[in-house]
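Architecture at a glance
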Amino acid sequence: MPALALYTKGTRVWIPDPEEVWIPAKLSQDFKDGDNSLLLQLGSGMELHYSIGNGLPPLRNPDILEGENDLTALSYLHEPAVLHNLHIRFLESNSIYTYCGIVLVAINPYESLPLYGEEVIDAYSGQNVADMDPHIFSVAAEAYRQMTREQQNQSIIVSGESGAGKTVTAKFAMRYFATVGGTAQESSVEDRVLATCPIMEAIGNAKTTRNDNSSRFGKYIEIDFGPRGDIVGSSMRTYLLEKSRVIFQAPQERNYHIFYQMCAARHLPEFSMLRLRPADEFHYTNQGGRVDIPGVDDASELELVRNSLSLLGVRPAQQASLFQILAGILNLGNVDIRSNSRDAERSNINPADNSLHAFSQLLGVEQTQMAHWLCHRKLQVAGETLVKPIGFQQACEARDALAKHIYDRLFAWTVERLNRALQTQHRQTQSFIGVLDIYGFEMFQTNSFEQFCINYANEKLQQQFTQHVFKLEQEEYLREGINWNRIDFRDNQPCIELIEGKLGILELLDEECKMPKGSDTSWAQKLYEHHVNHSQHFQKPRLSSSTFLILHFADTVEYQCEGFLEKNRDTMFEEPINILRASKSEFVAELFPDEVPREFSFLPSAKSILPTRNQLSSRKAVREHKHTVSFQFRQSLHLLMSTLNLTTPHYIRCIKPNDLKKSFLFDPKRVVQQLRACGILETIWISAAGYPSRWTYLEFYSRYWPLFRPEDLSLKDPQSACRNLLGALILDSDQYQFGKSKIFFRAGQVAYLERLRAERLCAACILIQAWVRGQLVRRRYQRTRKAAMTLQTYCRGFLARRLAQILRWTRAALVIQKNCRMVQVRRPYLLIRAATITLQAYTRGALARRTARQLRMEKMATILAAYVRGWLARRWFQHIRSAVIYLQCCCRRMWARRELRQLRIEARSVERYRELNRGMEVKLMQLQLKADEQARENKALKDQLQMAKTIHCKEVERLQGELSRLQADQQAEGVSEGQAEELAALRSMVTQEREDRRATEERHSADIARLSEMLNSSNNWPNVSVQSSEQDKPDVCLQKQPFGQDYSWSSASAVKSLELEKSALIQEKEDLHSHLVKMEQEMEDKINQQVTLEKTSLSLELEEERRRYQGLLKEFSRLEQRYENFKEEMAFSERVLGHRRTPSSMSLNLDYIPETTGVSSSPQEPKRKISMVTASEVNDRLDSRAGSLHLTAMDSLKEAVGLQKDEVKGLSEEDLSHAYDAVCVANRILEAQLASQRGTWDSEINSWRLQVQVLREEMDRQSQAHARLLQLPPGEQLHRGLQDQLTRLTADNLDLLEQLESQEQVARKLRRELNLLRSVQRRDLKPGMVKSEGITPHKAVELQGLLRCQKKDEIQLLKNLVTNLCLDTIRAETPGLPAHILFLCMRHADACGEEVRAQAFCFAAVTAIKGTLKKHPDDVEITSFWLSNTILLLNLLRHFSSKEVSEGLMSGNINEEGLLSGDFSDPCKSLADLIIQAYQQLIRISESRLHPMIVPAMLECEAIPGLLGSSKGSGFCRWMSSSTTVDEASSHNMDLMLQELSSLHATLSAWALPLEICHQAFRQFSYMIAALTLNNLLLRRDMCSWTKGLQIRYNISQLEDWLRGRSLHLGGALEALEPLIQAAQLLQVSKQSESDAESIVQTCTALSTHQIVKILSVYSPLNDYEERVTLKFIHNVQSLLKNRSEGESRQYLLMDVKHTFPVTFPFLPPSHVRSENLHIPENLKLSFLQRV
């Protein structure tokens, strides 16, 4: 179709605009040949005449192609289409990545987006890049996939302007490689690769006016991978560091970050010696003005840098040296250089300059030498070396040059050190991926040497990029086998030849640098002479002779020649460098290696130093061979291009949307400028020159099926149908080509087909609407006619009914009027009557209340009068009484004074003191009597406690005797009915004993409480006595008042009486002391007597205990003998009855010997068995003992066995010899037990001796305490004595409680032994014996059907049952058969008393199952089988565990005799861990099987027939995956995934896995399906449409029906699908009005804010009749979601596919399988197991 035919009325076009670059317009009339202008209508409605002198305006793409992931998929490929598509994706879809063929366009959002988490990496890893949304991870995934599959080296080229996000993009690419190529080793290589980023950013990045973290150097990082795709090393190369930034910064810019980070962390102790100050005080850091970056903490960034250096192996000493040099550079910038006032050609530095001193000290150089050579330089004149002073400006330049050179060397050392840290020596490198982060095309107002080099590098990269794109285009055409002509594209080789060719700009620059008097002006003149009018890419400005213009591929740049030569030479004086080489610091000297031999040192002297001729020649040779900066840059660039040409490149172009650094602000001018500069439009032009639109036959058939003829739709081959259609629609065959798998279209043809499709659909819609409207009108007419007839019928009936109704209403009105009138009259009457009654009631009440109030007032007045009269009488009486009392007091006071004088006289006499103290002695004696009474009570309580203890011990001994008696009775008589009664009696005795103990404790508590009350009351006794003595004094005074006389004694008689009193007191004191000594002696004698009595009683008890033990030992011997007799009798009865007897060559085997009380046996004690004895050996023994063995001994043996004479006749000598050997063995065992019992006796005697010693020490302590108590005052004696008694009683009570607990433990142990003895007796009793003796078996024999496995057969059992088990052999057997067999073997070992062996066997079984799971890591059937058996085994152990039963965890219907006696808590823990491991392995295997099916089945499978046209054409980005992957997802559909789920469910159900585990497993599977599907939906724009939402919802409904059909929805599987269900609903609901936004917010509760906004942003209508989601609607939804997002803990975009729900394992009810009915198939080869 000709292009002019497309310019018809309504066609949309683009026209240029000075502000927006391009604006949309619409044709108001058709374009005809010969028209000079077009009549256009702008978006504002204004009409415009557009001149077509420069050509027709570009056409706009159809709406269906707006927001395409790939720019090359657009039908019209031109600049406005590219700009508009980027604008739509960036602002409306918030998509910062867009494909442009093989180029990924990344627009800097200036905002952190949730697009780079591990879940996003997992979503892109292993996926087809063409199916996913554009992302940096998609490019990295494609590079990694090509590297691993094709074993080819890859490279990712990241370019763009400063501030476009190159550094961050490269960092994310390396993060992807570190994640997918990670290893599990400690301090792995990928961590070290990522650790280089903060270091290089600190020393190589700085703040500029365009970017806060701008890279001021280029770098190429090679990440090495091993054969398995894991990172094994890395290396880095840098290009063109901006050294001038060290000494100068433009306004609003900063120096390198590391300087500001060090200044911010200057307060750290390790930085205290660096002479650091705030950054605004250093000249090299304060030139830009502001020294900080908003939102950046420089101190924390420095900490990150230091941690990264440590991770990379930089030693702390090297780090300190590194920071010292950086601090020295800062101090060097503050060195004050002064010009000489007399001579302007001289300059000097103050020797006391602090900054120079700090610089010299930090770098370890001589301060005087450095100060001298900063202001002087050496010259070579006529073979002589002269020292010449330099001026102020030259000195400042020399200082700055030194700073730049030091920083450059430090930067190079850091890069070299990082490369060494990233290299590996023991890992083989298979291939590598290079990441190139290099500067983009630059054009400023002033462009110098740096911009020239940068643009030169971009010219080389652009040439390589253009050639690669052309190569891919050519390969695509050859692969599809289509006819094509060579594509002409703009080649920038002439521009590159201008720069680097012969007599090019760089060669002339190097030549001018070699000239002694070379200058920038002379170099410019040479450029004009050689290139003006000779090269079309070089121009000379008209008004300048020191600038030149170069026509680059991106734009024309004007360069200023000033400074080119100086920057290219990079001159640095040798003298300061030599001083640095001689530094005291080894690190500084290492930075500046010797380039020429130094035979002398440079001294600050004015004299010239004449070196030798050899030295001069060597220096001259070095100087001549020194490479310029341009030469070094050209060599490194050639090396880089060689490396890139040997790799498969991947391109990322970073775009800066605006210069204001505002988030999501799109400036079209800046974006277009960068698109032209970075080569994006070159890709568009190359693609547009060929066949840019590419559709597979199936996609074309699915999209444009409405255009096909009916006969073409019936064809089974889509390729033939497509050929027929295009031959009929597009007459020019050059506009399309048929390839092997695709159809190729020229630019504009897809738009033409879209228009035809829209017209065909529109015509079809009109036809359908006509038929539908006609049908609707006919239906409406029929309904109207029928409704009219119906209305007539109903109206006539209504009129008749209304007449009848009126008649009825008339009659009713009369009745209503009558009643209404009656009501109107009656209502006022009732109202008046009620009002009258109410008034009467209120009136009568008021009168009654008034009368009552009057009566109350009268009564109150009477009462008040009575009270007043009484008060007046009392006041008069009190007045008279007070007067009388006052008179009495006066008289008594006078008498008291007289009596006081008399008492003072009497107080001096001894008799008076005796009279006063006579009452105190009585009270003291009373208190002593009370204390003695308390002591007697305490002693009585202690005797009661001792008696209780004795009774308890006797009771325990009696219980032990009863136990022994019961054991003997059981062995003698079997199981009888009276045994249960005796056991009940024993239990009642124990219960009675516990009640007695409780009563004793309560009695003791009561005694303690009573003593405490007495103690409290005793505290008040001294006060009472003092008060009583004080109260007695007034009585005495009153008594002596009538008899008081005044006595007067002389002083001599008073002294004499006092001496007599003193002597009497001394005598009394001595008497008291002797009395106390006597009492103490009596007390000690009494204590000794008590100790003697106690010792005697203890000895007697010990003897009694020994006698009792002897009796028990005899009883034990008798029981042992009876036990042996029973066994012999059982064997004899078997022989008599004809049973098969044991061969005579085998002797008796004692499998079990029960324990006796007091004999301790350790679990490690070997099992006691009687060795195998043959008949011949027995005969030899009998012959050897014949001389000593008498007939009486044999008779006694027969009597001991308990056989009658007639029974003895039936016994042979061989049987008797066996019995005799058994008795001998039993005797030896008894001797061993007696020896152990003797040791026990000795230990008990020692313990009694210790107790006696303790009692003796306690007596001594009590005697000492009593002596101290007697020395205290009487009041404190009683208090302290009671306190000591309470302490002793408390300690005694605690001891008794401990003893009681120990006795209870002994009782429990005896009870357990009783149960064990019963179980052994049941096991040993044969059915014939029970029948013969008439003994009935127990009702609940829990130990029948156990399996006996010898220790030597345990390994074979585990091998046959676990390791080599074939599941097909037991598929039809009892579920959980291995678990039952293992449990029965463990239970038998536990019943035999071998708890340790049972536990060891359980651990061995766990180890074997683990080995089986590890051997089959991908077998879901084996994993589910052993998961089910492990759960069953764990539940069996818990069900029969005595600990679980005692804690109430199990049901109480288990016989206590059938419980496990051992402690299986540790094996249960191991089994629980094994269950978790098996469950995780089951989930992992199932997820690995489901993972490749989910996305094709849930997203790509079109299960609803008739929903075609759901796909759009592929673009240029299909190149990226067409050569690497083949889409195999088409083979997966929903039916296959459901079949896989059904297979998993059948496998889990076949092995009887608990239903709760199945529910939890399928809940995990449902979550994985929802997460993986939703993540791919969010990352695939082609899936976000109404049609796909319907398909997804249908697929989910199938999955829901499948889950409900198997009752798996009860475990939460449907809830796990809720996010995916809501996402599908979101694609289907209306998205236009505010009510729709509110409905979306209320409905999509399982989706996060980012997920909802992402789905709305990428929603893409597949047809013209679908409406797009407006940006306003998205903003409304965001504002409604804002409040909800504040409450969310984490805003995430993608779901975590690796999330695992916590699993709980149920406690199952007891198994219904009876052990005796368990069938063991013969193919298991377990014949060595014996059923008990």
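Remember, it's a predicted structure, so these values are computed and weren't measured experimentally.

As a further point, take the sheet that holds strand β6 (residues 103–107). Read across the open sheet, the seven strands follow the order β5-β6-β20-β7-β16-β10-β11; overall the sheet is mixed. This sheet does not close on itself; its edge strands, each paired only once, are β5 (97–100) and β11 (231–239). Here the average twist between neighbouring strands, direction ignored, is 20°. Across the sheet, helix α3 (residues 136–150) is in contact with β5, β6, β7 (154–160), β10 (218–225), β16 (431–437) and β20 (648–655); its angle to β20 comes to roughly 170°.

Attention now moves to helix α15 (residues 520–531). For α15, with 12 residues, the first-to-last C-alpha span of 16 Å sits near the 16 Å given by 1.5 Å per residue. For α15, every residue scored as buried is listed here: D520, W523, A524, L527, Y528 and H531. Projected onto a plane normal to the axis of α15, the buried residues spread over an arc of 145° and lie on a single side. On its buried face, α15 sits against α13 (493–500), α14 (505–514), β17 (538–539), β18 (547–551) and α16 (564–569). At the C-terminal side of α15, N533 shows a positive phi close to 65°.

With seven of seven residues buried, β16 is to be regarded as a mostly interior element. Alternating residues of β16 divide into S431, I433, V435 and D437 and F432, G434 and L436, and every residue in both groups is buried. As paired elements, β7 and β16 share five bridges and run parallel to each other. Paired with I156 across the two strands is V435, which belongs to β16.

Let us look at the pattern of salt bridges. One pass over the full model with this rule turns up 32 salt bridges. Between E242 and R216 there is a salt bridge, and its shortest N-O distance comes to 2.5 Å. With E242 in the loop between β11 and α6 (257–264) and R216 in the loop between β9 (214–215) and β10, the pair connects residues that are 26 residues apart, well separated along the chain. Judged on exposure class, the residue E242 and its partner R216 are both buried. Linking D400 and R399 is a salt bridge whose minimum nitrogen-to-oxygen distance equals 3.3 Å. Residue D400 is classed as buried on the basis of its relative accessible area of 16%. Given the relative accessible area of 7%, R399 is considered buried. One salt-bridge network, held together by shared partners, links R216, E242, R245 and E253.

Attention now goes to the confidence of the model for the protein. Counting all residues, the mean pLDDT for the protein is 76, and 75% of those residues have values of 70 or more. Helix α36 (residues 1327–1333) is the least confidently modelled element of the protein, averaging 37 in pLDDT, while α6 averages 92, the highest of any element. Below a pLDDT of 50 lies the segment residues 1018–1051, which in the model reaches 25 contacts outside its immediate sequence neighbourhood of four places, other chains included. In the model, residues 1323–1342 has pLDDT below 50 throughout and makes 22 contacts with residues more than four positions away in sequence or in other chains.

This part covers the sheet that holds β18. Across a sheet, paired strands are connected by hydrogen bonds in the backbone, their directions being either parallel or antiparallel. The antiparallel open sheet is built from three strands, whose spatial order is β17-β18-β19. On the outer flanks of this sheet lie β17 and β19 (556–560), each paired with one strand and no other. Against the sheet, α15 contacts β17 and β18, and its axis sits at roughly 45° relative to β18.

With that settled, the discussion passes to the pairing of β19. Across the two faces of β19 the burial differs, with V557 and Y559 buried and T556, E558 and Q560 not buried at all. By the bridge criterion, five bridges tie β18 to β19 in an arrangement that is antiparallel. Its bridge partner lying in β19, L549 is registered against E558.

Quick look at the packing of aromatic side chains now. The full count for this structure, using the stated rule, is 37 aromatic pairs. A centroid spacing of 5.6 Å and a plane angle of 65° characterise the contact between Y144 and F225, whose relative ring orientation is edge-to-face. Note that Y144 is positioned in helix α3 and F225 in strand β10, a separation of 81 residues in sequence. When its relative accessible area of 15% is taken as the criterion, Y144 is described as buried. Since its relative accessible area comes to 0%, F225 is described here as buried. Where Y176 meets F177, the ring centres are 6.0 Å apart and the plane angle is 75°; that geometry is what we call edge-to-face. By relative accessible area, which is 1% here, Y176 ends up buried. Taken together, the aromatic side chains of Y116, F137, Y144, F172, Y176, F177 and F225 make up a single cluster linked through ring pairs.

Put simply, helix α38 (residues 1377–1391) and helix α40 (residues 1420–1439) touch, their axes get as near as 8 Å, and they point 35° apart. Considering how the two elements wind past one another, α38 and α40 form a crossing that is right-handed. Residues L1377, P1378, A1379, H1380, L1382, F1383 and M1386 of α38 lie in contact with α40, whose contacting residues are F1425, W1426, N1429, L1432, L1433, L1436 and L1437. Residues of the contact of α38 with α40, tallied by class, amount to 12 nonpolar, two polar and no charged.

How each quantity is defined
Residues numbered from 1 in each chain as written. Predicted model: local features only at pLDDT ≥ 70, side-chain atom pairs only at ≥ 80, totals over all residues. Heavy atoms only, no water. Pairing = 2+ DSSP bridges. Helix = DSSP H or I, 4+ residues; strand = E, 2+ residues; numbered from the N terminus. Axes fitted to C-alpha atoms, helices over the stretch in contact; angles between N-to-C directions. Contact = heavy atoms within 4.5 Å. Expected span 1.5 Å × (residues − 1). Buried < 20%, exposed > 50% of the residue type's maximum accessible area, 1.4 Å probe, protein only. Arc of directions from axis to C-beta. Salt bridge = Lys/Arg side-chain N within 4 Å of Asp/Glu carboxyl O. pLDDT = per-residue confidence, 0-100. Phe/Tyr/Trp six-rings, centres within 6.5 Å; stacked < 30°, edge-to-face > 60°. Left-handed = near helix turned anticlockwise from the far one by under 90°. Nonpolar A, V, L, I, M, F, W, Y, C, P; charged D, E, K, R; others polar.

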